[in-house]
Amino acid sequence: MKPPLVFAIVMLTAIVMVASFGMQLSPHEPLQVPSDMAGRALYVCHAASSTWDSIAMALRPFRRYLTVGFFFVSMILVFSWGWQMYQNLLNDKFKRESFSNTWKFTKFTFWAAVIVIMLAATPNHFRTVHIRGVHGDWVLCDVDTPGASAVRSDAVTM
């Protein structure tokens, strides 16, 4: 692999990990919870409504169709690889060029799946919660996150 591609992969992985696990460079003061709520409180923050979250919300109704389509394409891909291998076995010699279209289809399928998964599953997608009696988009967060609010755990639903 070329060095810029390796660097891009490492940086993309680092960004996804930092965003997914809420890592930060400078910690914030933790929120003080009253003693009567200790053990019964969850911390929530307003979900930042960004373009990525809206794209993920727009793709949510089509998630089943995307999954079915992905498995259909994967089955076609498996049969394509199998057919090319079978043809090479029948001819009793390996022809590398016979796999070129199948390999292109494999690369296209992989990158299409990566892009759709990144668009459909933002980090906020996995942390989104609903609070009974309160409108808006909320995510679970840590006690030391700026803007964190303590709410009763029985009012939070996934």
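For the structure itself, look to the data block above.
Residues numbered from 1 in each chain as written. Predicted model: local features only at pLDDT ≥ 70, side-chain atom pairs only at ≥ 80, totals over all residues. Heavy atoms only, no water.

K.L.:
Mind laying out the nonpolar core, listing which residues take part and the relevant values?
P.N.:
By size, the foremost hydrophobic cluster in this structure holds seven residues: Val44, Val129, Ile131, Trp138, Val151, Ala155 and Val156. When sequence neighbours within four positions are dropped, the list of residues in contact with Ala155 reads His130, Ile131 and Arg132. Counting residues in each nonpolar core, the second largest holds six residues, with Ala47, Val139, Cys141 and Ala148 among its members. (Core = buried A, V, L, I, M, F, W, Y, C linked by side-chain atoms within 4.5 Å. Buried < 20%, exposed > 50% of the residue type's maximum accessible area, 1.4 Å probe, protein only. Contact = heavy atoms within 4.5 Å.)

K.L.:
Go over the state of the cysteines with me, naming the residues and quoting the values.
P.N.:
Under the definition given, this model contains one disulfide. Disulfide partner of Cys45: Cys141, at an S-S distance of 2.2 Å. Residues Cys45 and Cys141 are joined through a disulfide that is right-handed, its torsion about the S-S bond being 85°. Pair noted here: Cys45 is in strand 1 (residues 41–46) and Cys141 is in the loop between strand 3 (138–140) and strand 4 (149–152), with a separation of 96 residues, a long-range link. (Disulfide = S-S within 2.5 Å. Helix = DSSP H or I, 4+ residues; strand = E, 2+ residues; numbered from the N terminus.)

K.L.:
Tell me about the environment of Trp52, residues and numbers included.
P.N.:
With respect to the helices and strands, the residue Trp52 is situated in helix 2 (residues 51–59). Separated by 70 residues in the primary sequence, Trp52 and Thr122 place their C-alpha atoms 6.8 Å from one another. Those residues in contact with Trp52, other than ones at most four positions away along the chain, are Leu119 and Thr122.

K.L.:
Which residues make up the environment of Ala56, and what values do they have?
P.N.:
For Ala56, the position within the fold is in helix 2. You can call Ala56 buried: its relative accessible area is 5%. Along the backbone, Ala56 and Ala120 are 64 residues apart, and their C-alpha atoms lie at a distance of 4.3 Å. Filtering out sequence-adjacent residues up to four positions away, Ala56 remains in contact with Leu119, Ala120 and Thr122.

K.L.:
Tell me about the packing of helix 3 (residues 63–91) against helix 4 (residues 100–120), and name the residues and values.
P.N.:
Where helix 3 contacts helix 4, the two axes come as close as 10 Å, and the packing angle between them is 160°. For the element pair helix 3 / helix 4, the angle class is roughly antiparallel. Crossing of helix 3 against helix 4: the hand is left-handed. Residues Arg63, Leu66, Phe70, Val73, Ile76, Leu77, Ser80, Trp81 and Gln84 of helix 3 form the contact with helix 4, whose participating residues are Thr102, Trp103, Phe105, Thr106, Thr109, Ala113, Val116 and Ala120. A per-class count over the contact of helix 3 with helix 4 returns 11 nonpolar, five polar and one charged. (Axes fitted to C-alpha atoms, helices over the stretch in contact; angles between N-to-C directions. Parallel < 35°, antiparallel > 145°, perpendicular 65-115°, else oblique. Left-handed = near helix turned anticlockwise from the far one by under 90°. Nonpolar A, V, L, I, M, F, W, Y, C, P; charged D, E, K, R; others polar.)

K.L.:
Go over the sheet that holds strand 5 (residues 156–157), please, and point to the residues and values.
P.N.:
Strand pairing in a sheet relies on backbone hydrogen bonds, with the paired strands running either antiparallel or parallel. With antiparallel pairing, the five strands of this open sheet are ordered in space as 4-1-3-2-5. At either end of the open sheet lies a strand with only one pairing partner, and these are strand 4 and strand 5. Across four bridges, the pairing between strand 1 and strand 4 is antiparallel. By the bridge assignment, Val44 is partnered in strand 4 with Ser149. (Pairing = 2+ DSSP bridges.)

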